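# Descriptive structure summary
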Amino acid sequence: MQNQQTIQGILSIAALVCLAAGWFNLFSPEINIILSRKVFYYLIGASFFVQAPLLTNKNFTYAMYAAALLCIVGATLPEDSKLSILKTIGLLGGIALSFTSRPKRI
């Protein structure tokens, strides 16, 4: 369980680094777009996939898998496709699920 949490944390931090690199234009415009609009969502989707078995409410496990799938599929679609909004829906859903199903600390 600790290894899964570590992997999930590393994936999340790598996703944030990709997003920041795209925002601050650290590379060429093509690389910035790939990092912030593709790689970011792939990493977040992978993070959600690793986090899904760790959720305390098992009813949300399949929903987290669905959010991961939406992020990955949405990032794979072309940017001009109307279905590319799936990646944003997956991101928002996964974030909501991760906040509502956090383990309670005593």
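Up top you'll find the structure we're talking about.
Residues numbered from 1 in each chain as written. Predicted model: local features only at pLDDT ≥ 70, side-chain atom pairs only at ≥ 80, totals over all residues. Heavy atoms only, no water.

### Focus: the overall build of the protein
A tally of regular secondary structure across the protein gives four helices and zero strands. Along the protein, helices (α) and strands (β) appear in the sequence α-α-α-α when read from the amino end. For 106 residues, the compact-globule estimate of 2.2 N^0.38 gives 13 Å, and the protein sits close to it at 14 Å. Expressed as lengths along the three principal axes of its C-alpha atoms, the size of the protein is roughly 45 × 30 × 20 Å. Burial status across the protein gives 35% buried among its 106 residues. Long-range pairs, those at least 24 residues apart, make up 57% of the contacts in the protein between residues at least 6 apart in sequence. As displayed, the protein offers around 6900 Å² of accessible surface, 71% of which is attributable to carbon and sulfur atoms. (Helix = DSSP H or I, 4+ residues; strand = E, 2+ residues; numbered from the N terminus. Rg over C-alpha atoms; globule rule 2.2 N^0.38 Å. Buried < 20%, exposed > 50% of the residue type's maximum accessible area, 1.4 Å probe, protein only. Contact = heavy atoms within 4.5 Å. Areas by Shrake-Rupley, 256 points an atom, 1.4 Å probe, with all protein chains shown as cover.)

### Description of the environment of I44
Note on placement: I44 falls in helix α2 (residues 29-51). Exposure remark for I44: the relative accessible area of 10% places this residue in the buried category. Along the sequence, I44 and G94 sit 50 residues apart, while their C-alpha atoms lie 8.9 Å from each other. When residues no more than four places from it in sequence are discounted, the contact partners of I44 are A15, C71 and L91.

### What to know about the nonpolar core
The biggest cluster of nonpolar side chains holds 21 residues, and the ones touching the most others in it are F40, I44, F48, M64 and L91. Within the residue set of this core, elements represented by two or more residues are α1 (2-23), α2, α3 (61-76) and α4 (86-100). Of the residues forming this core, the biggest block, seven residues, is contributed by α2. (Core = buried A, V, L, I, M, F, W, Y, C linked by side-chain atoms within 4.5 Å.)

### Some remarks on α1
Over its 22 residues, α1 extends 32 Å from the first C-alpha to the last, a length consistent with the 32 Å expected when each residue adds 1.5 Å. Listed in full, the buried residues belonging to α1 are Q8, L11, A15, C18, L19, A21 and G22. Each buried residue of α1 lies within a common arc of 160° when the element is viewed along its axis, so the set occupies one face. Facing away from the buried side of α1, by more than 90 degrees, are the exposed residues Q2, I10, I13, L16, V17 and W23. Those residues of α1 that are buried are in contact with α2. Just downstream of α1, N25 is the residue with a positive phi angle, here 50°. (Expected span 1.5 Å × (residues − 1). Arc of directions from axis to C-beta.)

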